[in-house]
Each structure stands twice: as C-alpha cells, then as structure tokens.
Amino acid sequence: TILFNLGEMATATESLDEATFEVLGVELGYKVQMVSPEDEDKELLEGFGLDLEQELADEDDGDLEIRPPVVTVMGHVDHGKTRLLDAIRQTNVTAGEAGGITQHIGAYQIWTEHDGHERAITFIDTPGHEAFTAMRARGAQVTDIAILVVAADDGIMPQTVEALNHAQAAGVPIVVAVNKIDKPDANPARVRQQLTEYGLVAEEYGGDVMFVDVSARENIGIQDLLDAVLLTADAGLDLRANPNKDARGVAIEAKLDKGRGSVATVLIQSGTLRVGDAIVAGTAYGRVRAMMDENGDAVEEAAPARPVQVQGLNSVPRAGDTFLVTDEDRMARQIAEKREAAARNAQLAKARKRISLEDFTRALEEGKVESLNLIIKGDVSGAVEALEESLMKIEVDDTVQLRILHRGVGAVTESDVDLATIDNAIIVGFNVRPDQKARERAQREGVDIRFYSVIYSALEDIENSLKGMLKPEF
Ligand code: GDP
C-alpha cells in the first residue's frame, strides 16, 4: 500500500469537513456548534438577501471581463523581495507619473506590454508569506500567483521552503524569480536543481514552472518576469470578473490616519467601487468619501483587481476582511453590527473546532477521518528530514493518510499556527519551542502543538495515533 504520497501532501488543502467535526463532537460527549466564520458570515449576509456565491454562479459568461492577476512576492529574508517590488514599480512608472509621489498603500498596479497588448498586473507590496497566510486564515484568498524570490548566490533557504509550502497549500501557482544574478558567485542552475526536489521543475527541465533570472538591483530580467506572470495567468487561470455591478473585495491593509481617519486599502474582486458607495468591510462601515491610488491620485472608480485606499469607514477593518457595497447606508451598518456580535461568540467556539491528536485517534477509531495533517518544525534540518522519513515508513492500513503540509527549521511561529488553523493540522516541534506570540495564538485557536526531543517518541505518538491507539495524555 502506498501510504504517503509526498506530491499529494504538498498540495493538500483538504481538511476535516464539518460533518466529521459534528460527529466527533457527539463522540466526545459535547455538542459541536459549527461556527466556521465563513459559514456564519455567509448566513448573516443571506439574511440581508446577499448570497455572494450564488451571485458569482449566476454570473452570465458574457458579463465577465478579463481582470489583471494579483501577485504576492515571497521568499527568504534578504533574497530581494522588497528590492524586486521596487524595481517592478520603477520600471513601469509612466512619464506622466514620474516625479509624482509614490504612496505605499499596500498594493500597486502596473501596466506592461505583453504580446502586443497593454496588460495590468497587481502586486501586493507587503512581501512574505505571513500576510498571505494571515489573510487566508480569515477566509480571503486574494493572491492568484506567487513570485518565489530565490537569491542565486544563496540558493534555497528555510523561508524559501516555507513560502513555497504556503503557496502550494493554497493552490497558488508559482513563478520563480532567481534574483541577484549580477553577483559573481550567482549560480542560477543550482537554484533550479534544488527546487526540483520540492516539485518545482523548470520548463527547461521538462516541468511546468517558469523560472526567470533577474537582478532587482541592476534591473535585469524584470520584463521577462512580468511576461512569465502573464503567461502563467493565461495558461491555467480563468481570471475574469464582472465589473458592472456593486463592488465586492477584500481589505488588504488599513490604519488610522491623523488627518483622514480610517483609511483602508481594498482590492476589488468583482464589480466597480465608486465614490459615494455605501460599504461594509468586516465590522467597519460607512460611505466612500474619497479614494486614492498608489500614485497619490484621487480616483473616482475602481474596477476588479484595482487596489485603492478608501476613506470614510467608521473604524479600521483588519487585513483579510471582505467588503461589499450595499444599496443603503443602513444595511451596511446593520451588517457591521451583526458581525460585531458574531465575532464575540466566534472566539469561544473556534477553540472547539480544532482537533488534537487525541481527538484524531478517537475519530479514527470510529472511521470518521482519513488524514492526519502535520506541520514539522525542528532545530536542525537533519532531524526534520529524519523524522519525516521515519514517518513515511509507518505502515497502517490504506484508509489513513498522513499529510505533511509543511516542514522547516526553526521555532514554531505564528504563521505555522495560521497554516495549522486553516488546514486543521497538528504541529510537531522537535527540539524547538514556540515563540510567545505563536504560543498565544495556538492557545486562542485551539491548535495542538506537541514537543519532542527524541525522534522515537514523536514517531511512537504519531504511529499510535494513526493506528488509533494513542493513550490520552493526563
Ligand atoms: P528582502 O528581505 O527579501 O525584502 O530583501 P531586500 O529587498 O531588502 O534585499 C536584501 C539585500 O539584497 C539588500 O541589500 C539589497 O540591496 C540586496 N539585493 C536585492 N536584490 C539584489 C540584486 O539583484 N543584486 C544584488 N547584488 N543585490 C541585491
């Protein structure tokens, strides 16, 4: 029997479904109240006659127009993410904008000529997978494509692997930017070689991932990188949206400004946002008083994939909060108020939704789960690999799967906890402790983190659990 399929593990986004949790709850002797925040919010909106999923399903094909891809830049620290985002933005400043003051609003859009057409691409300009995963934890997936930056002199580093695991777990296609090729010790071939081990095989090696050699510092290869992003978008993604309706989207950054009050950067996902619209974003509501783009210019309306900074909300939404335009001001306010109330209850119920290794064992005995999702963190890569290898050798019957969603070197971090939260994984820490924030978040979210200093004990627990035999801890 093939128990563990690494390729499958890497892209696994499946987690325990609701029914399983409910049954599990009954099994454990308490009633599980299903409060997946997304579901609850969906119900809440339906109460106002807003069914966003249905709305998308009912969309007439003829009303859909191509929208720009939304891109996040990820990679190891110091590999050049920030510099690359700057280079992309600089090379595409049009004459009219040159000299204007560029604003950091959390995202920007550039235009580029591709295949004889002017095409736009939207970049989230907070680099890194942490923001990406934090948003995903709130149910918002805004990124269509991830650019994985790898410094050609440094090669694959722990956060490179972390970033690619996060992108793959979210099912987001990756374009690899092999950066710093201007350096004398740059070895772009080695980067390609190293990444094949993680399932990212370059086109020139017979795979389907585009690798582009760039230098963010010397402005080399930037245009090729933009072309690769658009080719990847056109090859596998159906990026279309209806611009002719009330806007829906996600808040990607927000703050309180001394002079302007709450300012929130929103990314339009469908429809068109206009000055004067009544909107609700998470638990914030109001009327769009003014909109500003990344060049500091006032904007009257914003189409799909366009990031704009909005003024006029009564409070500051969180990154990842969804927003929508309502017919009347009153409705926006009522939705916000109901969400406030729901958020208070959700905190409590959340903890009950997650699964611990003991719960898993029990559910397994009853045949109610099929996979155990794990995140492995260790002090040295040798230990992580050894543990992973041994885990793969555990033999259990073929109805059970072990999925390793992410493995890495270093302390258990908040972003590990976020990933565990989304995909109902258990975190195994080998000779590492969580940092304070990760510990708090795990407690809040009810994520099970287990620490070991002997591989054998970790192996024993997981094996017992997979075989439905784990003894509860006292
Ligand atoms: P981040 O941590 O990934 O955002 O990395 P930064 O963009 O801050 O870059 C880290 C360092 O690498 C900075 O000193 C950059 O100037 C430098 N750097 C970035 N890109 C290049 C490049 O293409 N070539 C060279 N030689 N240095 C670069």
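Relevant structure appears above.
The structure displayed is predicted, hence computed values, not measured ones. (Residues numbered from 1 in each chain as written. Predicted model: local features only at pLDDT ≥ 70, side-chain atom pairs only at ≥ 80, totals over all residues. Heavy atoms only, no water.)

Asks: Quick one: what's the story with the site of the ligand, residue by residue and with numbers?
Replies: Of all residues adjacent to the ligand, which total 15 residues, the nearest are Asp78, Lys81, Thr82, Arg83 and Asp182. Within the side chain of threonine 82, a nitrogen or oxygen atom sits 2.6 Å from an oxygen atom of the ligand. With respect to the ligand, the backbone of alanine 216 contributes an N or O atom lying 2.9 Å from an oxygen atom. If the ligand stood free it would expose 580 Å²; the protein chains cover 77% of that surface. (Near = heavy atom within 4 Å. Polar contact = N/O pair within 3.5 Å; in protein donor to acceptor, adjacent residues only side chain to side chain. Areas by Shrake-Rupley, 256 points an atom, 1.4 Å probe, with all protein chains shown as cover.)

Asks: Let's hear about the packing of helix α5 (residues 81–91) against helix α9 (residues 222–236): which residues, and what values?
Replies: Packed helices, taken two at a time, are described by the angle their axes make and the gap between the axes. Contact geometry for α5 and α9: axes closest at 10 Å, N-to-C directions at 95°. By the angle between their directions, the pair α5 and α9 is classed as roughly perpendicular. Along the contact surface, α5 presents Leu84, Ala87, Ile88 and Thr91, while α9 presents Ile222, Leu225 and Leu226. When its residues are assigned to classes, the contact of α5 with α9 shows 6 nonpolar, 1 polar and no charged. (Axes fitted to C-alpha atoms, helices over the stretch in contact; angles between N-to-C directions. Helix = DSSP H or I, 4+ residues; strand = E, 2+ residues; numbered from the N terminus. Parallel < 35°, antiparallel > 145°, perpendicular 65-115°, else oblique. Contact = heavy atoms within 4.5 Å. Nonpolar A, V, L, I, M, F, W, Y, C, P; charged D, E, K, R; others polar.)

Asks: With reference to specific residues and values, describe helix α8 (residues 188–196).
Replies: Along α8, the positions that sit buried rather than exposed are Val191, Arg192 and Leu195. Buried residues in α8, looked at end-on, bunch into an arc of 100°, giving them a common side. Elements in contact with the buried residues of α8: β5 (145–151), α7 (158–169), β6 (174–179) and β7 (211–213). (Buried < 20%, exposed > 50% of the residue type's maximum accessible area, 1.4 Å probe, protein only. Arc of directions from axis to C-beta.)

Asks: Which residues make up the pairing of strand β20 (residues 425–430), and what values go with them?
Replies: Counted residue by residue, β20 has 6 buried out of 6 residues, so it is predominantly covered. Note that strand β18 (residues 371–378) and β20 share 6 bridges and pair parallel. Note that in β20 the partner of leucine 374 across the bridge is isoleucine 426. Bridge analysis of β20 against strand β21 (residues 449–452) gives 4 bridges, and the strand direction is parallel. For isoleucine 427, the partnering residue across the bridge sits in β21 and is isoleucine 449. (Pairing = 2+ DSSP bridges.)

Asks: Outline the sheet that holds strand β4 (residues 117–124), supporting the account with residue identities and numerical values.
Replies: Within the open sheet, the 6 strands sit side by side as β3-β4-β2-β5-β6-β7. Their pairing is mixed. With one partner strand each, in any of the chains shown, β3 (107–114) and β7 form the two edges of the open sheet. On average, each strand axis in the sheet is inclined to that of its neighbour by 30°, with strand direction left out of account. When β3 meets β4, the two strands line up antiparallel, connected through 8 bridges. Pairing of threonine 112 across the sheet is with arginine 119, part of β4. Contacts from α8 reach β5, β6 and β7 within the one sheet, and its direction differs from that of β7 by about 160°.

Asks: Please set out the packing of helix α6 (residues 129–137) against α7 residue by residue, giving values where relevant.
Replies: For the pair α6 and α7, interaxial distance at closest approach is 10 Å and the crossing angle is 30°. If you check the angle between α6 and α7, you find them roughly parallel. Here α6 runs over α7; the crossing is left-handed. For the pair α6 and α7, contact is made by His129, Glu130, Phe132, Thr133 and Arg136 and by Gln159, Glu162, Ala163, His166, Ala167 and Ala169, respectively. Residues of the contact of α6 with α7, tallied by class, amount to 4 nonpolar, 4 polar and 3 charged. (Left-handed = near helix turned anticlockwise from the far one by under 90°.)

Asks: Summarise the pattern of salt bridges; cite the residues concerned and give the values.
Replies: Counting across every chain of the model gives 31 salt bridges. Salt bridges sharing common partners tie together Lys42, Glu46, Asp51 and Glu53. (Salt bridge = Lys/Arg side-chain N within 4 Å of Asp/Glu carboxyl O.)

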